[in-house]
Amino acid sequence: MTEPIVEVSGLRKSFGAHVVLKDLDLSVAPSQVVVVIGPSGSGKSTFLRCLNGLEKAEGGTVKVCGRPVVEGGRMMPEAMLDLLRAEVGMVFQSFNLFPHLTVLDNITLAPTCLRGMSRKAAQQQALQLLEKVGLAHKAKAYPGTLSGGQKQRVAIARALAMEPQVMLFDEPTSALDPELVGEVLQVIRALAAEGMTMIIVTHEMGFAREVADVVVVMDHGSIVEAGPPGAIFTAPQQARTRSFLQTML
Ligand code: ADP
Ligand code: MG
């Protein structure tokens, strides 16, 4: 058995008295693509953020890339979490590019500052990544001149520049005009084909069905059910899954 890249057991997280994650368990094997679906407010973003220590959990154990994030409810120190975050790529709904830096500099910043990569090597790598996301011609552009879909593709290239072992996507296409969704999904699809391990929160059900190895359905802070897309979308076992899927039609 290969070690899972992500291992979560009994994860619990509250904001004040409000319990938003209730004893979550999940294991993600190398090259697996897990898609997380569920109603707004069900805890999807909080769950992703717990995986790289952006949220402090108070119960359970989370291990990512063999590194503990939370162990028996005890958060690892920030210095250890920083090492982990260098191996976990995260892409948000809002692209969070640095507006005063060119596309190329947005991508080379972390590898040169955090990895000590030479500027030349980082630029070479950045150009390859831009090629991959179809934006080599935008290397010198500033984010403000790009469409939403282009910005998100740059954000993905920037995350990939750290050579992550796993990529976390939180509704990467939710802020985009409908005609720009496809170009971003295409980049994620290509990553899946290359064997990138990914956890993707999305409301794009067709895409989920096509790209997921496992679909995880969340509701009110719990995993309602999880399984291959064929099972979840055609024969959901749980009433809460059925009613959520109804709302997505
Ligand atoms: P989803 O991504 O599925 O929409 P979230 O993880 O964003 O759900 O939120 C889960 C619950 O946690 C919601 O009830 C939300 O209001 C609450 N929540 C999220 N972030 C915070 C926060 N920083 N402080 C207080 N409550 C929060
Ligand atoms: Mg969310």
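Residues numbered from 1 in each chain as written. Chains lettered and ligands numbered in written order. Predicted model: local features only at pLDDT ≥ 70, side-chain atom pairs only at ≥ 80, totals over all residues. Heavy atoms only, no water.

## Topic: the pairing of strand S7 (residues 88-91)
Burial along S7 is two-sided: Val88 and Met90 facing one way and Gly89 and Val91 facing the other are all buried. Summarising the sheet, S7 and strand S8 (residues 166-170) pair through 4 bridges and their orientation is parallel. Its bridge partner lying in S8, glycine 89 is registered against methionine 167. (Buried < 20%, exposed > 50% of the residue type's maximum accessible area, 1.4 Å probe, protein only. Helix = DSSP H or I, 4+ residues; strand = E, 2+ residues; numbered from the N terminus. Pairing = 2+ DSSP bridges.)

## Here's the deal with the site of ligand 1
Surveying the vicinity of ligand 1 reveals the residues Phe15, His18, Val20, Pro39, Ser40, Gly41, Ser42, Gly43, Lys44, Ser45 and Thr46. In this structure, an oxygen atom belonging to ligand 1 sits 2.7 Å away from a main-chain N or O atom of glycine 41. The separation between an oxygen atom of ligand 1 and a polar main-chain atom of serine 42 is 3.2 Å. The fraction of the free accessible surface of ligand 1 (550 Å²) that becomes covered by protein chains is 59%. Put simply, the parts of the chain that give the shell around ligand 1 at least two residues each are strand S2 (18-28) and helix H1 (44-51). Broken down by element, the shell around ligand 1 gets its largest block of residues, 3 residues, from H1. By residue class, the composition of the shell around ligand 1 is 3 nonpolar, 7 polar and 1 charged. (Near = heavy atom within 4 Å. Polar contact = N/O pair within 3.5 Å; in protein donor to acceptor, adjacent residues only side chain to side chain. Areas by Shrake-Rupley, 256 points an atom, 1.4 Å probe, with all protein chains shown as cover. Nonpolar A, V, L, I, M, F, W, Y, C, P; charged D, E, K, R; others polar.)

## Re the sheet that holds strand S11 (residues 222-227)
Spatial strand order, S7-S8-S9-S3-S10-S11: 6 strands in an open sheet with mixed pairing. Lying at the two open borders of the sheet, with one neighbouring strand each, are S7 and S11. Averaged over all pairs of adjacent strands, the angle between their axes in this sheet comes to 15°, without regard to strand direction. Of the strand pairs in this sheet, strand S3 (residues 33-37) and strand S9 (residues 197-201) are connected by 4 bridges, and their pairing is parallel. Considered in S9, the bridge of valine 35 is made with isoleucine 200. In this fold H1 packs onto S3, S7, S8, S9 and strand S10 (214-219), with an angle of close to 155° to the strand it touches most, S8. (Axes fitted to C-alpha atoms, helices over the stretch in contact; angles between N-to-C directions. Contact = heavy atoms within 4.5 Å.)

## Some points on the packing of aromatic side chains
Two aromatic rings, taken as a pair, are described by how far apart their centres are and by the angle between their planes. As enumerated under the stated definition, the model contains 0 aromatic pairs in all. Residue placement shows lysine 13 over the ring face of phenylalanine 15; its charged tip is 4.6 Å from the ring centre. The ring of phenylalanine 98 has arginine 158 lying over it, and the distance from NZ or CZ to the ring centre is 5.3 Å. (Phe/Tyr/Trp six-rings, centres within 6.5 Å; stacked < 30°, edge-to-face > 60°. Lys NZ or Arg CZ within 6 Å of the ring centre and 35° of its normal.)

## Focus on unusual backbone geometry
Positive phi values are uncommon outside glycine, yet serine 31 reaches one of about 70°. Inspection of the secondary structure assignment puts serine 31 in the loop between S2 and S3. In the Ramachandran plot, glutamate 171 falls in the positive-phi region, its phi being about 45° despite a non-glycine side chain. Tracing the sequence through the fold places glutamate 171 in the loop between S8 and helix H6 (178-194).

## Some remarks on the sheet that holds strand S1 (residues 6-15)
If you trace the 5 strands from one edge of the open sheet to the other, you get S2-S1-S4-S5-S6, paired in antiparallel fashion. Both outer strands of the open sheet, S2 and strand S6 (74-75), are each paired with one neighbouring strand and no more. In this sheet, S2 lies alongside S1 in antiparallel orientation, the contact comprising 7 bridges. Pairing of glutamate 7 across the sheet is with serine 27, part of S2.

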